[in-house]
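Structural characterization, general
Residue strings, one per chain:
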Amino acid sequence: MAASIPCSSLNKINKEERDHESIIKVERSYQRYREIISTLPKEKGWIAEDMCLYEGFWYQPMHGLAGVMFAQEHFQARPDDVFLISTPKSGATWLKAIIFAIMKRTCYTNSTHPLLTTNPHDCVPFFEFELFQKPPVADVDNLPSPRIFATHIPYSSLPKPILDSGCKIVYVCRDPKDVLISMWYFLAKVRSKELPPLSLEEAVDLFSRGIFGFGPFWDHVQGYWKASLECPERIFFITFEEMKRDTFVKVKKLAEFLGQPFLMEEERERVVEEIIELCSFGKLRNLEVNKNGSRNPDFKNDAFFRKGEVGDWRNHLTPQMVERLDQITNEKLPGIF
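Residues numbered from 1 in each chain as written. Predicted model: local features only at pLDDT ≥ 70, side-chain atom pairs only at ≥ 80, totals over all residues. Heavy atoms only, no water.

Turning to the packing of helix 7 (residues 176-188) against helix 16 (residues 319-332), a few remarks are in order. Interhelical geometry of helix 7 versus helix 16 gives an angle of 125 degrees and a closest axis separation of 10 Å. Taken together, the axis directions place helix 7 and helix 16 in an arrangement best described as oblique. Only Val-322, Leu-325, Asp-326 and Thr-329 of helix 16 make contact with helix 7, whose side of the interface consists of Pro-176, Lys-177 and Leu-180. Partitioned by chemical class, the residues of the contact of helix 7 with helix 16 number four nonpolar, one polar and two charged. (Axes fitted to C-alpha atoms, helices over the stretch in contact; angles between N-to-C directions. Helix = DSSP H or I, 4+ residues; strand = E, 2+ residues; numbered from the N terminus. Parallel < 35°, antiparallel > 145°, perpendicular 65-115°, else oblique. Contact = heavy atoms within 4.5 Å. Nonpolar A, V, L, I, M, F, W, Y, C, P; charged D, E, K, R; others polar.)

This is the structure in structure tokens:
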């Protein structure tokens, strides 16, 4: 008679088989995404030759879009999840730090806080870049609650479970003129060396025509603005300029929205001020991890900390460029900026 296999060994074998099947399934999904992406409408890109149009918005073909597709098909949201959403270069680095510090404020001391040694993008990962960009994907189902995620996905393309779960969404936007300048500098560092530099004139033209990562910018903002008016208890809509102008008040309101308001004792102990200082642009920029650290071979962490100012566009854009951009903004987003 053949020797029986212990139950523990059977469980291990079954798990390995399930893991192997799961890996194959994920690989097939990404192969399908690549095939779909190859058929999408294309336009001149900012950092590579092409950008592609998917569900009405523009993406870098192999930098994020497959991750968006995977999230749409597979991500399961929880009611206590928190999402920070924005267009690129709208203040997400700063807001990631603030949200993380608010929600984890009882977990660490001032000297042991992860933000002192970890880039904010590693504390609050992006769906489309860090978690689901390519296989192997992160196992987010095993993360403890409450989970904090970030994404640039437009409202109309959000995975349905996010909308159905009732989870909290913080949306930060920024004056499109500053977004444009910040992106132009940022992508100059990662643009393919085989391509000529992208001139500011070309960048303004692409941006104005909506050809911008996760753009058109105005449609992206408009989607979340309208949704925030319909469901203010679920979507906290704020501008980068408001956060800069009245940081103390906005941080308190953000904590209330997230269900973690500051207690009177915390206010007496100046916890709000400590969080603002910990997450300040100057503090983060001068940390060793953000001066000399690197999250991937393409660029260093200091690429996320150029100026963090309001109105830097005045140092770069011509009156004609400003008029073109402001005209679109006034038509699409009256009264927001």
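Pro-146 follows Ser-145 through a cis peptide bond whose omega is -5 degrees. With an omega of 15 degrees, the peptide bond running from Gly-215 to Pro-216 counts as cis. Following the sequence through the fold, Pro-216 ends up in the loop between helix 8 (200-208) and helix 9 (217-230). Here Lys-89, not a glycine, exhibits a phi torsion of approximately 65 degrees, which is positive. Looking at where Lys-89 falls in the secondary structure, it is placed in the loop between strand 4 (82-85) and helix 3 (92-103). Among the residues examined, Lys-89 registers a relative accessible area of 18% and is labelled buried. Despite not being glycine, Arg-270 has its phi angle at roughly 65 degrees, a positive value. (Buried < 20%, exposed > 50% of the residue type's maximum accessible area, 1.4 Å probe, protein only.)

Burial along strand 5 (residues 148-151) is two-sided: the face carrying Ile-148 and Ala-150 and the face carrying Phe-149 and Thr-151 are both buried. Where strand 4 and strand 5 come together, four bridges link them in parallel fashion. Each bridged residue has a counterpart across the sheet, and for Ile-85 the counterpart in strand 5 is Thr-151. (Pairing = 2+ DSSP bridges.)

Another point: helix 3. For helix 3, with 12 residues, the first-to-last C-alpha span of 16 Å sits near the 16 Å given by 1.5 Å per residue. Of all the 12 residues making up helix 3, 12 are buried; the element is thus mostly covered by neighbouring parts of the structure. (Expected span 1.5 Å × (residues − 1).)

Bringing the layout of surface pockets into the picture now. In this structure, the second largest pocket spans a volume of roughly 500 Å³. Lining the second largest pocket are 19 residues, and of these Ser-22, Val-26, Phe-70, Val-137 and Ala-138 lie nearest its centre. Sorting the residues of the lining of the second largest pocket by element identifies helix 1 (7-38) and helix 2 (65-74) as the ones contributing at least two each. When its residues are assigned to classes, the lining of the second largest pocket shows 10 nonpolar, four polar and five charged. (1 Å grid on protein atoms, 1.4 Å probe; cavity = no way out; pocket = protein on both sides within 12 Å on 5 of 7 lines; lining within 4 Å. Points joined across faces, edges and corners; volume = space filled by probe spheres on them.)

Viewed as axis vectors pointing N to C, helix 3 and helix 11 (residues 247-257) meet at an angle of 55 degrees, and their least axial separation amounts to 10 Å. By the angle between their axes, helix 3 is oblique relative to helix 11. Both helix 3 and helix 11 take part in a crossing whose hand is right-handed. Of the residues in helix 11, those in contact with Trp-94, Leu-95, Ile-98, Ile-99 and Ile-102 of helix 3 are Thr-247, Val-251, Leu-254 and Ala-255. (Left-handed = near helix turned anticlockwise from the far one by under 90°.)

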